[in-house]
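These are the residues of each chain, in order.
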Amino acid sequence: MTAVEPRFDQVVHAPPRLQVCGLLAAVDTMEFAAVRDAVGVSDSVLSKHVKQLEDAGYVRVRKATVASRQRTSLSLSPEGRRAFTAHVAELRRITGG
């Protein structure tokens, strides 16, 4: 990945959203339930944070029916990946890490 300019991102910064971005940065896609369990929040809390990331263009939400059940998967968009990388770079710069 091309180096990014360190930049604080208010959307990414909230702890649950930072965790979501961190999880999604490591994979191509992840099921909503797996993200919920890893972050340790309820469906409604995760939905609220995912909606904010989606509105910013950072997360893509895909719904599909699998074995007669609705499944929701999440992935970082290229913009989301850049924003997350820039935010982490800024946190490292601020903390001297």
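Note that this is a predicted model, so its numbers are computed, not measured.

Asker: Is there a simple way to think about the nonpolar core in this case?
Answerer: Across soluble globular proteins, nonpolar side chains show a tendency to be buried alongside one another. Membership of the largest hydrophobic core comes to 18 residues, with the highest contact counts inside it found for Val20, Leu24, Val35, Val59 and Leu74. When contributions to this core are tallied by element, the ones reaching two or more residues are helix H2 (15–25), helix H3 (32–39), helix H4 (43–55), strand E3 (69–76) and helix H5 (78–95). Apart from residues no more than four positions distant in its own chain, Leu74 is found in contact with Leu24, Asp28, Thr29, Met30, Phe32, Val35, Val50, Val59, Arg60 and Val61.

Asker: I keep staring at the environment of Ala34 and nothing clicks. Help me out?
Answerer: With respect to the helices and strands, the residue Ala34 is situated in helix H3. A sequence separation of 53 residues divides Ala34 from His87, and the C-alpha atoms of the two residues are 24 Å apart.

Asker: How should I be thinking about the side chain of His87 in this particular structure?
Answerer: Along the polypeptide, His87 turns up in helix H5. What makes His87 buried here is its relative accessible area of 0%. Discounting chain neighbours no more than four positions away, the residues touching His87 are Arg7, Phe8, Asp9, Val12, His13 and Leu18.

Asker: I would appreciate a short explanation of the packing of H2 against H5 in the present structure.
Answerer: Each pair of packed helices can be summarised by the angle the axes make with each other and by the distance between the axes. Contact geometry of H2 with H5 gives a least axis separation of 10 Å together with a crossing angle of 115°. On the basis of the axis angle, H2 is roughly perpendicular to H5. Considering only the axes of H2 and H5, their crossing is left-handed. Touching Leu18, Cys21, Gly22, Leu24 and Ala25 of H2 are Arg81, Phe84, His87 and Leu91, all from H5.

Asker: Teacher, can you tell me more about the UniProt feature "domain: Winged helix DNA-binding" (unreviewed entry) in the protein here?
Answerer: Within the UniProt annotation, "domain: Winged helix DNA-binding" (unreviewed entry) is assigned to residues 17–94. For residues 17–94, helix accounts for 60% and strand for 23%, while the C-alpha atoms at its two ends are 19 Å apart.

Thresholds applied
Residues numbered from 1 in each chain as written. Predicted model: local features only at pLDDT ≥ 70, side-chain atom pairs only at ≥ 80, totals over all residues. Heavy atoms only, no water. Core = buried A, V, L, I, M, F, W, Y, C linked by side-chain atoms within 4.5 Å. Buried < 20%, exposed > 50% of the residue type's maximum accessible area, 1.4 Å probe, protein only. Helix = DSSP H or I, 4+ residues; strand = E, 2+ residues; numbered from the N terminus. Contact = heavy atoms within 4.5 Å. Axes fitted to C-alpha atoms, helices over the stretch in contact; angles between N-to-C directions. Parallel < 35°, antiparallel > 145°, perpendicular 65-115°, else oblique. Left-handed = near helix turned anticlockwise from the far one by under 90°. UniProt positions renumbered as here; feature names shortened; annotations may be inferred.

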